[in-house]
Structures are given as C-alpha cells and as structure tokens.
Amino acid sequence: MSHHLPFRATLREDLQAARDHDPAARSLLEVALGYPGVHAVWAYRAAHRLWHRPGLQLAARLLSQAARATTGIEIHPGAVLGRRLFIDHGMGVVIGETAEVGDDVVLFHGATLGGTSMRHGKRHPTVGDRVVVGSGAKVLGPVTVGDDARIGANAVVIRDVPAGSTAVGVPATIRRRPVTPLLADVDDPAIYI
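Throughout, residues of each chain are indexed from 1 in the direction in which the sequence is written. In view of the model being predicted, local features appear only for residues whose pLDDT reaches at least 70, and side-chain atom pairs are presented and counted only at 80 or more, with totals across whole chains, interfaces and linings using the full set of residues. As a convention, hydrogens and water are excluded, and side-chain values are obtained from all of the structure's heavy atoms.

Participant: Sorry, what's going on with the pairing of strand β14 (residues 165–168) here?
Facilitator: Look at any regular strand and the pattern is simple: side chains alternate between the two faces of the sheet. Note on classification: 1.4 Å probe, protein chains only; a residue is buried when its accessible area is under 20% of the maximum for its type, exposed when over 50%, partly exposed between these limits. Helix and strand definitions follow DSSP, with helices as H or I runs of at least four residues and strands as E runs of at least two, each counted in order from the N terminus. Alternating residues of β14 divide into S165 and A167 and T166 and V168, and every residue in both groups is buried. When strand β12 (residues 150–151) meets β14, the two strands line up parallel, connected through two bridges. Paired with I151 across the strands is A167, a residue of β14. Whether two strands pair comes down to DSSP finding at least two bridges between them. As defined by bridge partners, β14 adjoins strand β15 (residues 173–176) across four bridges and the pair is classed as antiparallel. Bridging across to β15, S165 finds its partner in R176. If you look at the hairpin formed by β14 and β15, you'll find four residues sitting between the two strands, and G169 has a positive phi there, around 95 degrees.

Participant: What should I look at first to understand the packing of helix α3 (residues 36–51) against helix α4 (residues 57–71) in this one?
Facilitator: The packing of two helices is summarised by the inter-axis angle and the distance between the axes. All axes are obtained by fitting lines to C-alpha atoms, using only the stretch in contact for helices, and the reported angles, taken between N-to-C directions, cover 0 to 180 degrees. It is the contact of α3 with α4, at a shortest axis distance of 8 Å, that shows an interaxial angle of 175 degrees. Classified by the angle between their axes, α3 and α4 sit roughly antiparallel to one another. Side by side, α3 and α4 meet where P36, H39, A40, A43, A46, A47, L50 and W51 of the first sit next to Q57, A59, A60, R61, L63, S64, A67 and T71 of the second. For this classification, under 35 degrees means roughly parallel, over 145 means roughly antiparallel, 65 to 115 means roughly perpendicular, and everything else is oblique. Should any heavy atoms of two residues lie within 4.5 Å, those residues are considered in contact.

Participant: Help me out: how do you make sense of the sheet that holds strand β1 (residues 74–75) in this one?
Facilitator: Paired through their backbone hydrogen bonds, the strands of a sheet run either parallel or antiparallel. Ordered by their spatial adjacency, five strands build an open sheet running β1-β4-β7-β10-β13, and the pairing between neighbours is parallel. Pairing within the sheet leaves two strands with one partner each, and these edge strands are β1 and β13 (156–157). In terms of strand pairing, β1 meets strand β4 (residues 94–95) through two bridges, oriented parallel. Its bridge partner being in β4, I75 is matched across the sheet by I95.

Participant: How should I be thinking about the nonpolar core in this particular structure?
Facilitator: As used here, the term nonpolar core means buried Ala, Val, Leu, Ile, Met, Phe, Trp, Tyr and Cys residues forming a set that is joined through side-chain atoms within 4.5 Å. In this structure, I95, L107 and I151 are the most contacted members of the largest nonpolar core, which totals 30 residues. The dominant element in this core, judged by the number of residues it contributes, is α3, at three residues. The contact partners of L107, leaving out residues within four places of it in the chain, are L85, F86, I87, D88, V93, I95 and V133. Core analysis: the next-biggest nonpolar cluster, separate from the first, contains 10 residues, V31, V38, F86 and F108 among them.

Structure representation (structure tokens):
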C-alpha cells in the first residue's frame, strides 16, 4: 500500500478507478458529480488527514459522519485505504477504524469490513491488493484477505482468505482458483456465490 502521491493526484486516481471499473460511467465529470462511492472516499481521504493531526480527531469524525449522512457509506477516518479504491453503488458499506485496504480494491454495496470485539487494538480486516468484495459480504475481525482474492456476495468471512482464492457462503469456505484479473465485461462478483 503506497500513499505517496500528491493529494490532487490521489483524487484524480479515485475518479479514474471508478471510470475504469464501472461500464455505466460515461465521463469523469459524471463520476465526480454523481458517484457517492467516490464522494465517500474523497471525504475519507480528507478526514484521514485530519485524524492524524493533534486536536483534530473530533473534526475528522464529524466529517466522516457528514459523509455517511450524504452517501450512506461509513468509513472511519482511522482506517487505512490504499490507492484507487472503488466503491460501487456503495449504500451500506462500512469500513472500521483498524481496517487496512490495499490498492485497486473494489467493494460493492452492503460490504462490511467490521470488527468482532469491542477491545482496543487491531479488530478489523486487512485486505490485500486487487481484492473484490461482493454485495452484502461481511469480512469480520482481524482477518487477512490476500491479494487477488474474491469475496462472494453475502459471504461472511471470519477466517483468513489466501491470496488468489474465493470465499463464499456463511460462514465462508475457501475455493481455490487461478489468479486472473477482474474483467469488467465478463467477471461479476455474483458468479462467486
């Protein structure tokens, strides 16, 4: 997870990621004005900067809650999100405080990266690069989802998912599969159910 781009370049990458992953997106302007997933990620990026400045954690939380109210997506400002995150549709997505998300990740609506305890410390998932989390999926606790993994729609993941695997069901079971890139015109996460 590299985060060394200037802020404006990062925001532009977020726009382009949405344009690249969503065949319904017709222009960057449309994405900038009409995609709540992008708006939530942008608000998170601003709130995350505030979160790490002394005395500004309350401001960061208030910004994240304002974004939640307007987008239906809740991202804690303490979470660590990688580059080019795309949240498709987005309503009901929750990303907890100690979650870590790699680069080029796609989250569909209703996905949760949540905790299973109320203790302090690491309690949310670590998600690798190029992971796809299907609609309604729950990844819970300090589990690790490896690079290029897929989480099927409505799966409940409570154990680590190896790189290049697919997790489906409740509780999720692992299916091995060859590592292939997500092809927007062929690959729909619903096929992993």
